[in-house]
Amino acid sequence: MGEETHDETGLDLARSVARGLAGRTPAAGGRGLGRAPGRGRRRPVVEPRVSGARPDDRDPQTLDTSMTRFVADQGWASELRVHGVFARWEAIVGREVGQHVRPESLADGRLVVRTDSTAWATQMKLLAPDVVRRLNEVLGEETVRVIDPVGPRAPSWTRGRLRVKGRGPRDTYG
């Protein structure tokens, strides 16, 4: 009398029928269920994944959810945050600074920024602690540790048919 009784109706019946028919093919050529056509071996019975009342990965997903999962699987989350900061640079550091200073690269906590003039490079050295704090609020702590301001690029004097030996005119270009 220790047998467990259960009602073979409704969901229990549907699950037991699905388990019984999983991986089987209809009778073909006088062969019974479960035989592969043209072979005498039985297929292994595969346990079906039963969907419950809760949502799971097989349900339709929104594009936002799918893209978030894809970015996380690829390990691109930090790179996307960094490029998002580069795109919103002027909004983060302010309009005046954003017009004269542009980020170039971020590697190992060192942010290299290019300035319009040598005066703005000096100004960025003074503003660096405040800008680092604002960037870390957006990117997460310890993402940016040092800001390395670089002045404007000097023009090259080595182009053209005629050249002058030496570095060219002496000027700060800024």
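Residues numbered from 1 in each chain as written. Predicted model: local features only at pLDDT ≥ 70, side-chain atom pairs only at ≥ 80, totals over all residues. Heavy atoms only, no water.

(A) Representation of the nonpolar core. Counting 18 residues, the largest nonpolar core has Trp 89, Leu 135 and Ile 147 as its most contacted members. Within the residue set of this core, elements represented by two or more residues are helix H3 (77-87), helix H4 (89-93), strand E2 (110-115) and helix H6 (118-139). If one sorts the elements of this core by residue count, H6 sits on top with seven residues. Filtering out sequence-adjacent residues up to four positions away, Ile 147 remains in contact with Leu 111, Val 113, Met 124, Ala 128, Val 131 and Val 132. (Core = buried A, V, L, I, M, F, W, Y, C linked by side-chain atoms within 4.5 Å. Buried < 20%, exposed > 50% of the residue type's maximum accessible area, 1.4 Å probe, protein only. Helix = DSSP H or I, 4+ residues; strand = E, 2+ residues; numbered from the N terminus. Contact = heavy atoms within 4.5 Å.)

(B) Geometry of the side chain of Arg 114. Note on placement: Arg 114 falls in strand E2. A distance of 2.6 Å separates a polar atom in the side chain of Arg 114 from the backbone oxygen of Gly 151. Excluding anything up to four places from it in sequence, Arg 114 contacts His 100, Val 101, Arg 102, Glu 104, Val 150, Gly 151, Pro 152 and Arg 153. (Polar contact = N/O pair within 3.5 Å; in protein donor to acceptor, adjacent residues only side chain to side chain.)

(C) Representation of the sheet that holds strand E3 (residues 146-150) within the structure. Spatial ordering of the open sheet is given by E1-E2-E3, a layout of three strands whose pairing is mixed. Each having just a single partner strand, strand E1 (101-107) and E3 make up the two edges of the open sheet. Going from strand to strand, the sheet's axes swing by 25° on average, the running direction of each strand aside. Pairing analysis gives five bridges linking E2 to E3, with the strands arranged parallel. Within E3, the position partnered with Leu 111 by the bridge is Ile 147. (Pairing = 2+ DSSP bridges. Axes fitted to C-alpha atoms, helices over the stretch in contact; angles between N-to-C directions.)

Note that every value here comes from positions in space, so none of it alone points to a role or purpose.
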